[in-house]
Amino acid sequence: MLIKCPWCGERDAGEFSYGGDASRPRPAEDAAEADWLAYVYDRDNPRGPHQEFWQHSHGCRQWLRLRRDTLSHEVLASGPAGEPLGDGE
Amino acid sequence: MRYSLASLLRRGLARNVGWTPAWRDAAPRAAYDVIVVGGGGHGLATAYYLARNHDVGKVAVLERGWIGSGNTGRNTTIVRSNYLLDANARFYEHGMKLWEGLSRELNFNVMFSQRGVINLAHSKPQMDGFARRGNAMRLNGIDAELLDREAVREKVPELDFSEAARFPIHGGLLQPRGGTARHDAVVWGYARAADRLGVDIIQDCEVTGFQMQGERVVGVHTSRGDIAAGRVGLAVAGHTGQVAALAGLRLPIESHLLQACVSEPLKPLVDTVVTFGAGHFYLSQSDRGGLVFGGDLDGYNSYAQRGNLGMIEHVVAAGVSMMPCLSRTRLLRHWAGVMDMSMDGSPIIGASPLDGLYLNCGWCYGGFKATPASGWVFAHTLAEGAPHALNQAFTLDRFAEGRCLDEKGAGPVPGAH
Ligand SMILES: Cc1cc2nc3c(=O)[nH]c(=O)nc-3n(C[C@H](O)[C@H](O)[C@H](O)COP(=O)(O)OP(=O)(O)OC[C@H]3O[C@@H](n4cnc5c(N)ncnc54)[C@H](O)[C@@H]3O)c2cc1C
Ligand SMILES: [Zn+2]
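Residues numbered from 1 in each chain as written. Chains lettered and ligands numbered in written order. Predicted model: local features only at pLDDT ≥ 70, side-chain atom pairs only at ≥ 80, totals over all residues. Heavy atoms only, no water.

**So, the site of ligand 1**
Residue and element names in this part refer to chain B.
And step 1. Close to ligand 1 lie 38 residues; Glu63, Asn71, Thr72, Thr76 and Lys369 are nearest.
And step 2. Within the side chain of threonine 76, one N or O atom sits 2.7 Å away from an oxygen atom of ligand 1.
And step 3. The contact in question runs from an oxygen atom of ligand 1 to an N or O atom on the backbone of glycine 366, over 3.2 Å.
And step 4. Bound to the protein, ligand 1 loses 97% of the 1,000 Å² it would expose on its own.
And step 5. Of all the secondary structure elements, the ones that give two or more residues to the shell around ligand 1 are helix H2 (41-53), strand E12 (253-265) and strand E16 (331-342).
And step 6. Among the elements that take part in the shell around ligand 1, E12 stands out by supplying three residues, more than any other. (Near = heavy atom within 4 Å. Polar contact = N/O pair within 3.5 Å; in protein donor to acceptor, adjacent residues only side chain to side chain. Areas by Shrake-Rupley, 256 points an atom, 1.4 Å probe, with all protein chains shown as cover. Helix = DSSP H or I, 4+ residues; strand = E, 2+ residues; numbered from the N terminus.)

**Observations concerning the coordination of the zinc ion (ligand 2)**
Residues and elements named next belong to chain A.
And step 1. Within the first shell, the zinc ion (ligand 2) binds the protein through Cys5 (SG), Cys8 (SG), His56 (ND1) and Cys60 (SG), at distances of 2.0 to 2.4 Å.
And step 2. If you look at the zinc ion (ligand 2), its four donor atoms make angles of 103 to 118° with each other, and the shape they trace is tetrahedral.
And step 3. When the donors of the zinc ion (ligand 2) are listed by position in the chain, the intervening gaps give C-x2-C-x47-H-x3-C.
And step 4. Judged by relative accessible area, which is 1%, cysteine 5 ranks as buried. (Donors = N, O, S within 2.8 Å, 3.2 Å for Na, K, Ca; no water. Tetrahedral: all angles 85-135°; square planar, octahedral: opposite > 155°, others 65-115°. Buried < 20%, exposed > 50% of the residue type's maximum accessible area, 1.4 Å probe, protein only.)

**Concerning the pattern of salt bridges**
And step 1. Under the defined criterion, the tally for this structure stands at 21 salt bridges over all chains.
And step 2. For glutamate 15 of chain A, the salt bridge is made with arginine 11 of chain A, and the minimal N-O distance between the two is 3.3 Å.
And step 3. Glutamate 105 of chain B is the salt-bridge partner of arginine 52 of chain B, the closest N and O atoms lying 2.5 Å from each other. Here arginine 52 of chain B is found in helix H2, whereas its partner glutamate 105 of chain B is found in helix H4 (residues 102-106), with 53 residues between them in sequence.
And step 4. Overall, arginine 52 of chain B belongs to the partly exposed group, its relative accessible area being 39%.
And step 5. Among the charged side chains, a salt-bridge network with shared partners connects Arg24, Arg29, Lys58, Asp195 and Asp200 of chain B. (Salt bridge = Lys/Arg side-chain N within 4 Å of Asp/Glu carboxyl O.)

**With respect to the sheet that holds strand E4 (residues 117-121) of chain B**
Residues and elements named next belong to chain B.
And step 1. Reading across from one edge, E5-E6-E4-E13-E14-E15-E12-E16 is the order of the eight strands in this open sheet, with mixed pairing throughout. Among the strands making up the open sheet, the edge pair consists of strand E5 (145-148) and E16. Pairs of neighbouring strands in the sheet enclose a mean axial angle of 25°, with direction left out of account.
And step 2. Sheet topology note: the E4/strand E6 (residues 171-175) ladder contains five bridges and is antiparallel. Following the sheet pairing, asparagine 119 is matched in E6 by leucine 173. (Pairing = 2+ DSSP bridges. Axes fitted to C-alpha atoms, helices over the stretch in contact; angles between N-to-C directions.)

**Description of the domain arrangement of chain B**
All names here are of chain B.
And step 1. As assigned here, chain B comprises domain 1 (24-77 + 183-254 + 344-401) and domain 2 (114-177 + 255-342).
And step 2. Between the C-alpha centres of domain 1 and domain 2 there is a distance of 30 Å.
And step 3. At the junction of the two partners, domain 1 supplies 18 residues and domain 2 supplies 21 residues.
And step 4. Regarding the contact of domain 1 and domain 2, the summed buried area is about 1,800 Å², with carbon and sulfur atoms giving 50% of it. (Domains from an automatic or database assignment. Contact = heavy atoms within 4.5 Å. Buried area = accessible area lost by both parts, 1.4 Å probe.)

**Considering the environment of phenylalanine 108 of chain B**
And step 1. If you trace the backbone, phenylalanine 108 of chain B turns up in the loop between H4 and E4.
And step 2. Setting aside its immediate chain neighbours within four residues, phenylalanine 108 of chain B contacts Tyr3, Ser103, Ala185, Trp188, Gly189 and Arg192 of chain B.

**Remarks on the packing of aromatic side chains**
All names here are of chain B.
And step 1. In this structure the tally under the stated criterion is 18 aromatic pairs over all chains.
And step 2. Between the aromatic rings of tyrosine 48 and tyrosine 49, the centroid separation amounts to 5.0 Å while the plane-to-plane angle is 65°, which identifies the pairing as edge-to-face.
And step 3. Following the ring pairs from residue to residue traces out a cluster consisting of Tyr83, Phe91, Tyr92, Trp363 and Phe394.
And step 4. The ring of tryptophan 19 carries the charged tip of arginine 11 above its face, separated from the ring centre by 5.9 Å.
And step 5. A cation sits over an aromatic face here: lysine 369 above tyrosine 92, 4.8 Å from the ring centre. (Phe/Tyr/Trp six-rings, centres within 6.5 Å; stacked < 30°, edge-to-face > 60°. Lys NZ or Arg CZ within 6 Å of the ring centre and 35° of its normal.)

Pasting the structure below:
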């Protein structure tokens, strides 16, 4: 698997560590218990495109946001973790 | 046909003609009292115990591909009940007892081999942890022995006992009744036994949606037409998230990939199951001589059923560290399965938020050993509409009620055993 780091370019997946599902908005502090329950435990867990956090931990150490296909492992788009993803190339 | 020494001799002497298929390749009917989705070990065991222990009418197992093509046919077959938490210990120990009589029960040799499972400890705190878990096991009536360094050396002399070892072996925790079984035989044995009790096993039949009546599931849409059902049970392992999404459910599960490997066949080397305590690696030797081993998840969401070489390198490095002679062994094959990783590392067995739909999932790294117990309690749950005493702790609402079964004590992460 090759992952495109916005700063370093395409690198082997072994240089990165996984930060999990990036599609879940964090509820407000005073949100209902059910919202917090869903946020902490439940997942869409799609078979196909999935938004996720990765860290280039053996590279520039930046956090990134990817859209990656969970069936083909193809990386569809990548960008800095703090920004919404574009449509990719 | 009942299998016996006499039937083996008779057919053998008659040049093996006249064996009949072990189960019927059934076509779907319009309606069943209970439909079990997924023809892995769990789905088939559920159907078998439904027919054996309960009076529920007509039962079908729907399998998308062929039976046993999922994780059951890909796993490394370790069977154990060496758990710390009471709910897990009792459930898996019930399974262990069923394993002990399974070949006879099914009239099919599942090759259950109680060769023992040894967890290695590489530090004093780890030995303390093992003593605690061993004591908890014994309080639950499960066999456990704490081994010191010399006792481990006696059992598995090939481990790294050198002075230079990076992870010196302090001892280990042994469950003598643990071991391995033959995965395909478990599938075939349950399928054949269920079929003989009238269960329809329907292959090439993918569930593509649910028939709803208000909030109640009343049947399934499949690639072979619509089928009505009194109750529907999901036993689709790594595909649970997807199939549940067809009913609009979101679950505390992520699908991840786990790889395993087998080496070229060797002469007898290890006669037990050994797990490394300083990294993630475990090993046993098959009857054919291949060393069967594996380690951690690749570590990211995946449905691919194939992994990256990086993880294989990591697993092999841990293996060589544990048993240096492995460095001279050639790898024959490696493969992967889609794991249903629950958020506390324990399974989910029980009602779903929808009437008529029941869940059996969250098996993480270790659902093969659970096959008989899982089938037993899921059959009960489907027949009674309420959990068995042994799966009361495993219901989905435990997450909302704050009674997670977190054996590892790691919080909500989809990566525990
Ligand atoms: C590499 C590896 C090693 C493992 N090692 C061990 C081990 O040593 N010990 C242990 O206890 N466990 C181990 N496991 C875990 C174990 O294999 C699983 O937890 C267990 O097999 C799950 O059983 P199952 O019957 O639920 O799943 P499966 O055998 O995966 O059955 C699920 C079935 O559902 C079918 N299905 C999916 N979607 C649909 C649909 N829409 N319609 C119809 N059918 C569908 C699939 O085709 C599949 O056949 C390992 C797993 C892997 C991958
Ligand atoms: Zn980088």
